[in-house]
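# Reading the structure
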Amino acid sequence: MPEQSNDYRVVVFGAGGVGKSSLVLRFVKGTFRESYIPTIEDTYRQVISCDKSICTLQITDTTGSHQFPAMQRLSISKGHAFILVYSITSRQSLEELKPIYEQICQIKGDIESIPIMLVGNKNDENQNREVESSEGEAMAKKWKCAFMETSAKTNHNVKELFQELLNLEKRRTVSLQIDGKKSKQQKRKEKLKGKCVVM
Ligand SMILES: Nc1nc2c(ncn2[C@@H]2O[C@H](COP(=O)(O)OP(=O)(O)OP(=O)(O)O)[C@@H](O)[C@H]2O)c(=O)[nH]1
């Protein structure tokens, strides 16, 4: 977990209607609503145990609207980890994640040190599928992040999604500690290798 803070800030991004609020509400409150109420921005707190201590997971559910670029930049700056959500029923929603990913790269720099999950939600809607799992996986590989398909409706992989994000953070912390012992030249080489690529 980041030093000097007991809050671990996770920011959820994605196009309007992909199910960001539904995933967060399913995780935090265990509920699901069929109706669609667009979000401006909501923040939820969940107490979790990490190793032998307690910390707070602060989850920011952002708007799917493109009207608030300053809010988006601020959320990226403050975030420790990111969940990028598209709907498997909308290829467009996957496309819309690209500029968000690019902006995370620009603001955060060394992208490989940031826990990011690419999430294909609504996987209960297989009959309306526009994006194959293999395409999500390929994108995640390109973006050097982890990938999962979920359904906020059926509760498929929702807890696992947040758990995996925390696992990524844990692995990152360990690798940063190991990294501390590497030579400057080796670190530079690895940094160059970790540059962001957008398809
Ligand atoms: N079938 C199915 N529908 C879902 C799922 N997740 C969300 N929905 C539905 O999709 C619609 C939009 O869900 P939201 O969670 O409000 O989407 P959002 O991404 O937060 O939307 P914005 O607030 O506009 O950014 C609602 O009608 C939900 O019931 C899912 O996993 N499966």
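Residues numbered from 1 in each chain as written. Predicted model: local features only at pLDDT ≥ 70, side-chain atom pairs only at ≥ 80, totals over all residues. Heavy atoms only, no water.

Rules: UniProt positions are given in the numbering used here, feature names are shortened, and annotations may be inferred rather than shown by experiment.
As named in an unreviewed UniProt entry, the chain is Small monomeric GTPase, taken from Chloebia gouldiae. Quoted straight from UniProt, the Function (unreviewed entry) entry for the chain says "Displays low GTPase activity and exists predominantly in the GTP-bound form."

## What about the site of the ligand?
Applied cut-off: For this description, a residue counts as near a given molecule or strand if any of its non-hydrogen atoms is within 4 Å of it. Definition of a polar contact: a pair of N or O atoms within 3.5 Å, with one able to donate and the other able to accept a hydrogen when the atoms are protein atoms, and with sequence-neighbouring residues admitted only if both atoms are side-chain atoms. Only the protein chains shown count as covering a residue, and every accessible area follows the Shrake-Rupley method with a 1.4 Å probe. Only protein atoms enter the 1 Å grid used here, on which a cavity is any set of points holding a 1.4 Å probe that cannot leave and a pocket is any open set flanked by protein within 12 Å on both sides along at least five of seven lines; residues with an atom within 4 Å of a point are listed as lining. For a molecule to be placed in a cavity or pocket, more than half of its atoms must lie within 2 Å of the grid points of that cavity or pocket. Numbering of helices and strands starts at the N terminus; helices are DSSP runs of H or I of at least 4 residues and strands are runs of E of at least 2. Any residue that is not Ala, Val, Leu, Ile, Met, Phe, Trp, Tyr, Cys, Pro, Asp, Glu, Lys or Arg is counted as polar, Gly included; the first ten are nonpolar and the last four charged.
Residues in contact with the ligand amount to 24 residues; listed here are only the nearest, Lys20, Ser22, Arg33, Glu34 and Tyr36. Taking Ser151, its side chain carries an N or O atom lying 3.4 Å from an oxygen atom of the ligand. Within the backbone of Lys153, one N or O atom sits 3.3 Å away from an oxygen atom of the ligand. Protein burial of the ligand: of its 650 Å² of free accessible surface, 93% is covered by the chains. A molecule is said to occupy a pocket when more than half its atoms come within 2 Å of that pocket's grid points, and by this definition the ligand occupies the largest pocket. Of all the elements, helix H1 (residues 20-29) adds the most residues to the shell around the ligand, at three residues. Residue composition of the shell around the ligand, by class: six nonpolar, 11 polar and seven charged.

## Structural notes on the pattern of salt bridges
To keep it simple, the criterion reads: A pair is scored as a salt bridge if a Lys or Arg side-chain nitrogen falls within 4 Å of a carboxyl oxygen belonging to Asp or Glu. Only protein chains enter the area calculation, which uses a 1.4 Å probe; residues under 20% of their type maximum are buried, those over 50% are exposed, and those in between are partly exposed.
Applying the stated criterion across every chain yields a total of four salt bridges. In this structure, the salt-bridge partner of Arg91 is Glu135, at a minimum N-O distance of 2.8 Å. In this pair, Arg91 is assigned in helix H3 (residues 91-95) and Glu135 in helix H5 (residues 133-142), connecting sequence segments 44 residues apart. Judged by its relative accessible area of 27%, Glu135 falls in the partly exposed class. Here Glu149 and Arg129 are joined by a salt bridge, their closest N and O atoms 2.9 Å apart.

## Some points on empty space enclosed by the protein
Quick reminder of the rule: Grid points are joined across faces, edges and corners, and a volume is the space filled by probe spheres set on the points.
Following the criterion strictly, the structure yields one cavity of 30 Å³ or more and no others. Taken together, 16 residues form the lining of the largest cavity, with Phe13, Thr62, Thr63, Ser65 and Gln72 sitting closest to its centre. Elements that contribute at least two residues to the lining of the largest cavity include exactly strand E1 (7-14) and helix H2 (69-78). Top element by residues in the lining of the largest cavity is H2. It accounts for three residues.

## Describing the confidence of the model for the chain
Short version of the rule: Scored from 0 to 100, pLDDT records how confident the predictor is in each individual residue. The contact criterion used throughout is that any non-hydrogen atoms of two residues lie within 4.5 Å.
Residues of the chain with pLDDT of at least 70 account for 81%, and the chain-wide mean is 85. The least confident element of the chain is helix H7 (residues 184-193), whose mean pLDDT is 49; the most confident is strand E5 (residues 116-121), at 98. A low-confidence stretch, residues 192-199 (pLDDT under 50), is modelled with 21 contacts involving residues beyond four sequence positions or located in other chains. Both confidence scores are given for the complex: pTM 0.86, ipTM 0.99.

## A word on H5
To keep things clear, this is the line we draw: Here, the arc refers to the directions that run from the helix axis to the C-beta atoms.
Within H5, burial applies to Gly136, Met139 and Ala140. One side of H5 carries all its buried residues, which in axial view fall inside an arc of 100°. As for H5, its buried residues are in contact with strand E4 (81-87), H3, helix H4 (97-108), E5 and strand E6 (146-149). Positive phi shows up at Lys144, right after H5, with a value of about 55°.

## Regarding the nonpolar core
Defined as follows: The nonpolar core is taken to be a set of buried Ala, Val, Leu, Ile, Met, Phe, Trp, Tyr and Cys residues, with the residues joined through side-chain atoms within 4.5 Å.
Ranked by internal contacts, the top residues of the largest apolar core, which has 28 residues, are Leu57, Ile83 and Met117. Tallying contributions element by element places helix H6 (residues 158-179) first for this core, with six residues. Once residues lying within four places of it in the same chain are set aside, the contact partners of Met117 are Phe82, Ile83, Leu84, Ala146, Phe147, Met148, Leu161, Glu164, Leu165 and Leu168.

## With respect to the packing of aromatic side chains
The test is simple: Working definition: a ring pair exists when centres of Phe, Tyr or Trp rings (six-membered ring for Trp) sit within 6.5 Å. Plane angles under 30 degrees give stacked, over 60 give edge-to-face, the rest tilted.
Applying the stated criterion across every chain yields a total of three aromatic pairs. Ring geometry for Phe27 and Phe162: centres 3.9 Å apart, planes at 15°, overall stacked. Pair noted here: Phe27 is in helix H1 and Phe162 is in helix H6, with a separation of 135 residues, a long-range link. The exposure class assigned to Phe27 is buried, which follows from its relative accessible area of 19%. The class for Phe162 is buried, based on a relative accessible area of 3%. With 4.3 Å between their ring centres and 5° between their planes, Tyr101 and Trp143 make a pair best called stacked.

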